[in-house]
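# Breakdown of the fold
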Amino acid sequence: MSLPNGLSAFPITPTDAAGRVDATALRRLVARLVAAEVDSIGLLGSTGIYMYLTRDERRRAIEAALDEAAGRTPIIAGIGALRTDEAVGLARDARDIGAAAGLLSAASYTPLTDDEVFEHFSAVARESGLPVVIYDNPGTTHFKFTPELVARLAKVPGIVAIKNPGIGADDTAQHLASQRAIVPRDFSIGCSADWTAAETMLAGADTWYSVLAGLLPGVCLKLVRAAQQGDAAEARRLDGMLEPLWALFRQYSSLRVVYELAELLDICRTEPPLPILPLPDTAKRQVADTLARLPTHVTG
């Protein structure tokens, strides 16, 4: 199958202190994204704290999101786990509930070899029947997908896309061109790291997997559409408008910042799972001041 390209919005997963998903708050987040007409929703990504949730809670989150979306917006669900059999089980859960695809990272405690990652991803795709998006996130997994490994995985039936980490502006076009040369034509190449996304989309990436879009989908969707239409000036103008938020993401991590943004925007009130701590008061004031300075059409 082919996933929709464009903007994939990644919301937080609101939970209580015991790690139980707040389905009502999650539905509210999903409803905003559906109403904004994002191209897909990335549920249970790193922003969605997938590794901090039990299998049952992940299932509850997918059920709530799919029910709220009601077929209007495809949902890509995080299925990463330390063990291959656990990832297969999570992928089957997501498939049975109705997710469009699974987002799979190379999560591990013991460093993995390329062959081990290849077997892990191949097994999940083969045994679950759920289309798989490669999640290359070396900042958390400490594993970096080589071009050779991406080329091998792109040939595996059921592995349909890659979510790349942020790439420096000077290397973006070359990286995309080299990756396109080694994957099938219908294999979707996407980018994350919100502060690099404008240039990556302008260079021809298919999808922006966005943290900020999980809360502010409107402005992110405008940026993507401008890039898709080749309007570099408008895409860069919007990116420049969002630079104060990107600076906060780089300083404090996007995860911590969007938790605070969700409360400031009165969307939901929740805290990241321990041992991750909420932002200190000084940082919270920075986030509030930055939000207040953004145009109302961006935050509305």
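An unreviewed UniProt entry annotates the protein as Dihydrodipicolinate synthase family protein of Microvirga splendida. According to its UniProt record, the protein has this under Sequence similarities (unreviewed entry): "Belongs to the DapA family."

The next point concerns helix H10 (residues 232–252). With 21 residues, H10 extends 28 Å between its outermost C-alpha atoms, agreeing within 8% with the 30 Å of an ideal straight helix rising 1.5 Å per residue. Where H10 bends most, the angle comes to about 50 degrees, and this point is Glu243, followed within four residues by the proline Pro244. Buried within H10 we find Ala235, Leu238, Asp239, Met241, Leu242, Leu245, Trp246, Leu248, Phe249 and Tyr252. If you follow the buried residues of H10, they end up packed against helix H8 (197–202), strand E8 (207–210), helix H9 (217–228), helix H11 (254–264), helix H12 (281–293) and helix H13 (296–299). Among the residues trailing H10, Ser253 stands out with phi positive, at a value near 90 degrees.

Let's shift gears to the packing of aromatic side chains. Here the structure, examined in full by the defined rule, presents five aromatic pairs. Taking the centre distance of 5.7 Å and the plane angle of 55 degrees together, the rings of Trp246 and Phe249 count as tilted. Placement of both Trp246 and Phe249 in helix H10 is noted, with a separation of three residues, approximately one turn of the helix. Of the two residues examined, Trp246 and Phe249, each falls in the buried class. Grouping aromatic residues by their ring pairs yields a cluster made of Phe121, Phe143 and Phe145.

Attention shifts here to the sheet that holds strand E6 (residues 159–164). Around the barrel, which closes on itself, the eight strands sit in the order E1-E2-E3-E4-E5-E6-E7-E8 with parallel pairing between neighbours. Direction aside, neighbouring strands of the sheet carry axes that sit 25 degrees apart on average. Relative to strand E3 (residues 75–78), strand E2 (residues 40–43) runs parallel, the two sharing three bridges. Following the sheet pairing, Gly42 is matched in E3 by Ile76. On the sheet, helix H2 (residues 55–69) packs against E2 and E3 and is oriented at approximately 175 degrees with respect to E3. Lying on the sheet, helix H4 (residues 114–128) is in contact with strand E4 (101–105), strand E5 (132–135) and E6; it crosses E4 at an angle near 165 degrees.

What follows concerns the environment of Ile62. By secondary structure assignment, the location of Ile62 is in helix H2. In the structure, Ile62 is positioned 15 residues away from Ala77 in sequence and 7.2 Å away in space, judged by C-alpha atoms. Setting aside its immediate chain neighbours within four residues, Ile62 contacts Leu43, Leu44, Ala77, Ala94 and Ile97.

Bringing helix H7 (residues 172–180) into the picture now. Taken residue by residue, H7 has Thr172, Leu176 and Gln179 as its buried positions. Along the long axis of H7, the arc covered by the buried residues comes to 65 degrees, so they all point the same way. On its buried face, H7 sits against helix H6 (147–154), E6, strand E7 (188–191) and H8.

With that settled, consider the pattern of salt bridges. When charged atoms on two side chains of opposite charge get close, those side chains can pair. Scanning the entire structure with this criterion turns up 19 salt bridges. Across the pair Arg236 and Glu199 runs a salt bridge, and its minimum N-O distance is 2.7 Å. Taken together, the residues span a long stretch of sequence, with Arg236 in helix H10 and Glu199 in helix H8 at a distance of 37 residues. Using a relative accessible area of 44% as the deciding quantity, one classes Arg236 as partly exposed. Relative accessible area serves as the criterion here: at 27%, Glu199 is assigned to the partly exposed category. In this structure, Glu263 and Arg269 form a salt bridge, with 2.9 Å as the shortest nitrogen-oxygen distance. Here Glu263 falls in the partly exposed class, since its relative accessible area comes to 32%. For Arg269, a relative accessible area of 59% puts it in the exposed group. What you see here is one network of salt bridges that share partners, running through Arg55, Asp56, Arg59 and Asp93.

Attention shifts here to the nonpolar core. By size, the foremost hydrophobic cluster in this structure holds 109 residues, and its most contacted members are Phe121, Phe145, Ile159, Trp208, Leu212, Leu245 and Leu261. Examining the composition of this core, we find that nine residues originate from one element, H10, more than from any other. Ignoring any residue separated from it by four or fewer positions in sequence, one finds Leu245 in contact with Leu212, Leu216, Leu261, Thr290 and Leu294.

Parameters at a glance
- Residues numbered from 1 in each chain as written.
- Predicted model: local features only at pLDDT ≥ 70, side-chain atom pairs only at ≥ 80, totals over all residues.
- Heavy atoms only, no water.
- UniProt positions renumbered as here; feature names shortened; annotations may be inferred.
- Helix = DSSP H or I, 4+ residues; strand = E, 2+ residues; numbered from the N terminus.
- Expected span 1.5 Å × (residues − 1).
- Bend = angle between axes of the 7 residues up to and from the residue.
- Buried < 20%, exposed > 50% of the residue type's maximum accessible area, 1.4 Å probe, protein only.
- Contact = heavy atoms within 4.5 Å.
- Phe/Tyr/Trp six-rings, centres within 6.5 Å; stacked < 30°, edge-to-face > 60°.
- Pairing = 2+ DSSP bridges.
- Axes fitted to C-alpha atoms, helices over the stretch in contact; angles between N-to-C directions.
- Arc of directions from axis to C-beta.
- Salt bridge = Lys/Arg side-chain N within 4 Å of Asp/Glu carboxyl O.
- Core = buried A, V, L, I, M, F, W, Y, C linked by side-chain atoms within 4.5 Å.

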